[in-house]
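Chain residues, written in single-letter form:
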Amino acid sequence: GSGKSLTQGRLLWLDKVDKTVLVKDYGADDAHEVLRGVSVQIDGTAWVAGVQTKDNKVAGYAARITKTGQALWDQTLGGPNQARLFGAAARTDGTAVLSGSRSVVEGGKIVGWQGWLVALAADGKLLWQRTVGAEGERALTAIAGLDDGSMWAAGWQQAKGGRNPLVVKISGEG
């Protein structure tokens, strides 16, 4: 072995009386995953959002898990930029929107962070992605859906004197 100590994200499934039904680890064997958000669809499948660190690269981690704990798929998102996913909101059409932050890179260096929203199809295909803010630091750490298909995302933005709340409403199409 390489001597590295790597961890996978752990998901606990509980029944109605908080009895543990299933404990399972997810992610790559050669990476470190932290699961940050989960949202369950009406069919019992769960959308999971998190962060994967591998070879000094930080990427958003997304997975869709069956109610029996089987990973239907998992993937990293964010492209050449560093990225993190914090929240997940399942939608009634079988898709989900995940919230997080993605780095702004200039000249090969990170100069800031944008709030980041990613919509995924049931099979994990990227439907759309949007960023919030061009300068400074922002993160969208939670997301929830409304009956009309629109979404509210909340997080923070860095300003003089500290972090301030950031709330964004988006349409169902981003």
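The structure we're discussing is the one just above.
Remember, it's a predicted structure, so these values are computed and weren't measured experimentally.

About the thresholds
Residues numbered from 1 in each chain as written. Predicted model: local features only at pLDDT ≥ 70, side-chain atom pairs only at ≥ 80, totals over all residues. Heavy atoms only, no water. Helix = DSSP H or I, 4+ residues; strand = E, 2+ residues; numbered from the N terminus. Contact = heavy atoms within 4.5 Å. Areas by Shrake-Rupley, 256 points an atom, 1.4 Å probe, with all protein chains shown as cover. Salt bridge = Lys/Arg side-chain N within 4 Å of Asp/Glu carboxyl O. Buried < 20%, exposed > 50% of the residue type's maximum accessible area, 1.4 Å probe, protein only. Pairing = 2+ DSSP bridges.

Undergrad: Can you walk me through the overall build of the protein chain in this structure?
TA: Check the secondary structure of the protein chain and you find zero helices and 13 strands. Counting helices and strands in the order they occur from the N terminus, the protein chain gives β-β-β-β-β-β-β-β-β-β-β-β-β. Sequence separation of 24 or more characterises 39% of the internal contacts of the protein chain that already satisfy a separation of 6 or more. About 9600 Å² of surface is accessible on the protein chain, with carbon and sulfur atoms providing 49% of the total.

Undergrad: Quick question: what am I supposed to make of the pattern of salt bridges here?
TA: Oppositely charged side chains are able to pair whenever their charged atoms sit close together. Inspection of every chain in the model, using the stated rule, returns one salt bridge. A salt bridge links Asp43 to Arg64; the nearest nitrogen and oxygen atoms lie 3.6 Å apart. Highlighted residues: Asp43 in the loop between strand S3 (32–40) and strand S4 (46–54) and Arg64 in strand S5 (residues 57–65), separated in sequence by 21 residues. On the basis of relative accessibility, which here comes to 43%, the residue Asp43 falls in the partly exposed class.

Undergrad: What's the story with the pairing of S4 in this structure? I'm lost.
TA: Here is the key point about a regular strand: its side chains alternate between the two faces of the sheet. Taken across its nine residues, S4 has seven buried, putting it largely inside the fold. Taking the residues between adjacent antiparallel strands as the criterion, S3 and S4 are bridged by five residues, where Gly44 takes a positive phi near 95 degrees. With nine bridges connecting them, S4 and S5 associate as antiparallel partners. Considered in S5, the bridge of Ala49 is made with Ala62. Taking the residues that link successive antiparallel strands as the turn, the S4-S5 hairpin has two residues, and the phi of Asp55 there is positive, at about 50 degrees.

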